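Results of the structural survey
In case you want the letters, here they are:
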Amino acid sequence: MQTHAPPGAGSTPDRTGALPAESARRIYRDMLTARLLDTEAIALQRQGVFPAYVSLRGQEAAQVASAAALDRDRDFAFPTYREMAVALTLGVDMVGYLASHRALWHGGRYDPIASRFGSINAVVGGPVPHAVGWALGERLRGETGCAIAYFGDGASSQGDVHEALNFAGVFGSPVVFFCQNNRWALSVPNERQIAGGSIAARAAGYGMPGITVDGNDAAAVHNATRSALDRARSGGGPTLIEALTYRLAPHSTSDDTTRYRDRGEEHAWQERDPLPRLGTALEEAGHADTAFFEQIEDGARAAVERIRDGIATAPPPAGSDLFTYVYREPTEELARQQRLWREEVEP
Amino acid sequence: MTEALVGEGRGANGAALVEMTMQQAINRALDTALREDPATLVFGEDVGRLGGVFRVTDGLQAAYGQNRVFDTPLAESGIVGLAVGLAMNGWRPIPELQFDGFAYPAVDQIVNQMARMHYRSRGAASMPITVRLPSFGGIQAPEHHGESLEALFAHVPGLKVVAPSDPNDAYRLLLQSIRSDDPVIYMEPKARYWDRRQVVLDGARAQAADTGGDPIGASRIARPGRHATLVAWGAMVHRCLRVAELAAEDGVDLEVLDLRWLKPIDTDGLAASVSRTRRAVVVHEAPLTAGLGAEVSSLITERVFCDLAAPVQRVTGFDVPYPAGPLEPQYLPTIDRILLAVQRTLEF
Ligand SMILES: Cc1ncc(C[n+]2csc(CCOP(=O)(O)OP(=O)(O)O)c2C)c(N)n1
C-alpha cells in the first residue's frame, strides 16, 4: 500500500510562477495571516482563554489556495472544524469564527449564509452531503454557484462521504470535494485508513475526475481547484481533489503526538512547510521583495491583533440563547421550560 | 386517482369536501404544496417514475417535472443530508424515507445536522424540511417495515413529530408541516393508507398559519366521552374508536383523544380531557419501555394528578423486536388488552 511520503527533492517543482503575481501575493498574505492567527490561537489556549483549539499548521496552502479560487459572491464552502484559513480567506468574521474555540457557541458566531461558509461542523464527514444538496439547489434554480466540501483523510472512511460523492456523480452537481489528506486522522495513519492507498483514485468509481495535488504547493492547489470549479460551473459536474499535506501540530491542543508518530517524520514535513516555500517561490519569480514581506507581515500582525482584541471582549452568550434558536416557530413547551429557567436558573 | 366529490363549495374559502384514501390525501397535499410554493421539492427512493412504493407520490413527477420530484440513489443519510444542503440554499425539501426501519441509517443527519442546524447557526439557516416516513406496523410486512420511531425523534431537540390518523388530518397536517419553517418528521400510518374518508381540501390558501384552524401541536377529540380517555395516534386511534364502540354497548362512555402531534404534545388538551374523565389509558404500537406512553402518562400526572381516579394505564407493544406476520396481532395492542386496561382503570 503506497501512501504519501513528504515530497522530497524528486517531487515536481513549485509552479508558483504559473500563478498571476497578484493572486500569489494575496494567497501568501492570507497564509501568513492564518499562520500567525493559528499561533496566537494556540497561545490563547495555553493562557486559558480557549478551552481547546485545533491547529491547521502546515495546511495553509491547501486551505488558502483552494478557498482563493472560490467566487465569494456565488460559491459556498462547507467546512469541518479545521478550516480556519478557509474562513479567513473568505472574509468570515474571525472573532465570530473563533467564538467556537472560545467555547461561546458551538458552530461559531458568524452568519454562515451571509458568509457563504457553513457553520463549524464537528461531525467527521457529516457536512459533505450538505454541499451536494446546496449545489443541486443552485443548479435547480439555474444559477452558477459551486459548492466546495472540505474533509479529511479520516472522513473519507465515512459512509456519508461515499453517499455524497455518489449523489453528486449521479446528479452531476457542481461540487468540488476537497480532501486534505494530512496523513493522520488523529492517531491513525493513512496506512490504517485508506484501503488502496489513494482517496483520489476512488473518484473513478463515481464517474468524476480524481486529482492528487501536492497540498503544500499553493500554486498547484489553486490551479487544481480553479479548474475543478470552472468545470463544475460550466456543467461538467463534480471533481474530487486530494491534497497531500501534513498536520504539523498535534490533532488538537489536547493531543500528544509522541504517542503515535515520530519526530523524524514531523521534521521531514517541516522542511516542506508551505509558507516559506511560497515565500521563496514568490521571491524567485520576482513577485515579492523584502519590502513586500515586511508590509505583509505588518498587516498580518495588525489583523491578528484586532482579532485577538475582539476575542478578548467577545461577550458570553446570553442565557436565553439556550432557547432562542431551537425552533423558528417556538413551541409552548419550550417557552414553559424557558420560564422555568428564568425562575430557577437565570443568574 | 378516483375521488368522489361528495360536496362542492362547502367549508370556508371555497374548500371542497372530497372522499379519498389517506394515501390519496397525502398525494393531494404534496400536489398542493408543489403548486403553491415553487421552493418545494419531493425526492427519495422510487418516488419519481414509480410514484413511491405506496404510490403516495403517484403522478407528481409527471405533473411537476424531474426537477421538482426526483429519485435519489438508495441512501437515507444522503437523502437527509441533501435536504439539509437544499434548505441552506433556500429550498423547502420534502424527502421521503421509504420505510420506518430505514430511517436509522439517516439518524445522524436527522439528529446531528437537520435538527440543530438552525440552532448551530444561531437562526441563520432555517431547516423547513418535512421528512415523510411511512411508519408503524399492521400490514404483515418484512422486518424493519413495521417500526415506531416516535419516541426516538420526539426526544431530539429541534424536531417536531406528527402522526395523522385519518385522510383529512393526513392532508391538513402534511401541509402544515411543509409550511412550517422547522424540520418535521411526518409519520404515515401504513395500515391506514387505504382508509377512505372525507377530506376538506383547501382552496388557494397560502399562509402557513392558515391550515384549518388548529395550530401545530393541537390534539383532537376523535370521540367525546365521559368515563375515561383513550390517548392514541396513528393507526391506534381507530383501534381505540372501535374499543369505544364496544365499551358503549356495556354503557361505558370512552373519550378518544387523537394526539396527532408527538412533539410538541398538546398538554393542555390532554389535561382538559383527563380532568373531565378522571381516567386515562395510553395506547401505542411501540415497545413499552421509554416509549412515548411514559411521557404522556407523566404529563397527565403532573398536570391533573388531583383529578385522577386511577393511575394512567399503558397498553403498548412489548419490549421485543417487531415480529413477523402471524405474531403481529399478538404484539400490537389488541382490542381486548385495551378493554382490560379500561376495566382496570374503572375498577381501581
Ligand atoms: C463521526 C465522528 N467520529 C469521530 C469523531 C472524533 N474525531 C474528531 S476529529 C477525528 C479525526 C479526523 O481525521 P480527519 O478526517 O483526517 O481530519 P483531521 O482532523 O486530520 O483534519 C476524530 C476521530 C468525530 N468528530 N466525528
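See the structure printed just above.
Residues numbered from 1 in each chain as written. Chains lettered and ligands numbered in written order. Predicted model: local features only at pLDDT ≥ 70, side-chain atom pairs only at ≥ 80, totals over all residues. Heavy atoms only, no water.

1. Looking at the state of the cysteines
If you walk through the whole model with that rule in mind, you get 0 disulfides over all chains. Cys146 of chain A carries a free sulfur, and the closest cysteine sulfur to it, the one in Cys179 of chain A, is 19 Å from it. (Disulfide = S-S within 2.5 Å.)

2. Describing helix H2 (residues 60–67) of chain A
In terms of residue burial, H2 of chain A counts as a mostly covered element, since 8 of its 8 residues are buried. Those residues of H2 of chain A that sit buried are Glu60, Ala61, Ala62, Gln63, Val64, Ala65, Ser66 and Ala67 of chain A. (Buried < 20%, exposed > 50% of the residue type's maximum accessible area, 1.4 Å probe, protein only. Helix = DSSP H or I, 4+ residues; strand = E, 2+ residues; numbered from the N terminus.)

3. A short note on the sheet that holds strand S3 (residues 175–181) of chain A
Residues and elements named next belong to chain A. The 5 strands are arranged S1-S2-S3-S7-S6 in an open sheet whose pairing can be described as parallel. Two strands lie at the open edges of the sheet, namely strand S1 (76–78) and strand S6 (210–214), each paired on one side alone. Adjacent strand axes in the sheet meet at a mean angle of 20°, parallel and antiparallel pairs treated alike. Judged from the 6 bridges that link them, S3 and strand S7 (residues 239–244) form a sheet pairing that is parallel. Bridge assignment links Gln180 to a residue of S7, and that residue is Ala243. Sheet strands touched by H2: strand S2 (147–152), S3 and S7. Its angle to S3, the strand with the most contacts, is close to 165°. Lying over the sheet, helix H6 (residues 128–140) contacts S1, S2 and S3, oriented at roughly 170° with respect to S2. (Pairing = 2+ DSSP bridges. Axes fitted to C-alpha atoms, helices over the stretch in contact; angles between N-to-C directions. Contact = heavy atoms within 4.5 Å.)

4. Side note on the pairing of strand S5 (residues 92–96) of chain B
Residue and element names in this part refer to chain B. Of all 5 residues in S5, 5 are buried, a share of seventy percent or more. Going residue by residue along S5, you find Arg92, Ile94 and Glu96 tucked away on one face and Pro93 and Pro95 tucked away on the opposite face as well. Both strand S3 (residues 40–44) and S5 contribute to a ladder of 5 bridges, which runs parallel. From the neighbouring strand, Phe43 faces S5, where its bridge partner is Pro95.

5. Quick notes on the pattern of salt bridges
A full pass over the atoms with the stated rule returns 36 salt bridges over all chains. Among the salt bridges present, the one from Arg183 of chain A reaches Glu265 of chain A, with a minimum N-O distance of 3.4 Å. Of this pair, Arg183 of chain A sits in the loop between S3 and strand S4 (184–185) while Glu265 of chain A sits in helix H9 (residues 263–270), and the two are 82 residues apart along the sequence. One exposure class covers both Arg183 of chain A and Glu265 of chain A, and it is buried. For Glu245 of chain B, the salt bridge is made with Arg242 of chain B, and the minimal N-O distance between the two is 2.8 Å. Residue Glu245 of chain B and its partner Arg242 of chain B are located together in helix H8 (residues 236–249), separated by 3 residues, close to a single helical turn. Residue class for Arg242 of chain B comes out partly exposed when judged on its relative accessible area of 40%. The structure contains a network of salt bridges with shared partners spanning Asp166, Asp169, Asp214, Arg220, Asp258 and Arg260 of chain B. (Salt bridge = Lys/Arg side-chain N within 4 Å of Asp/Glu carboxyl O.)

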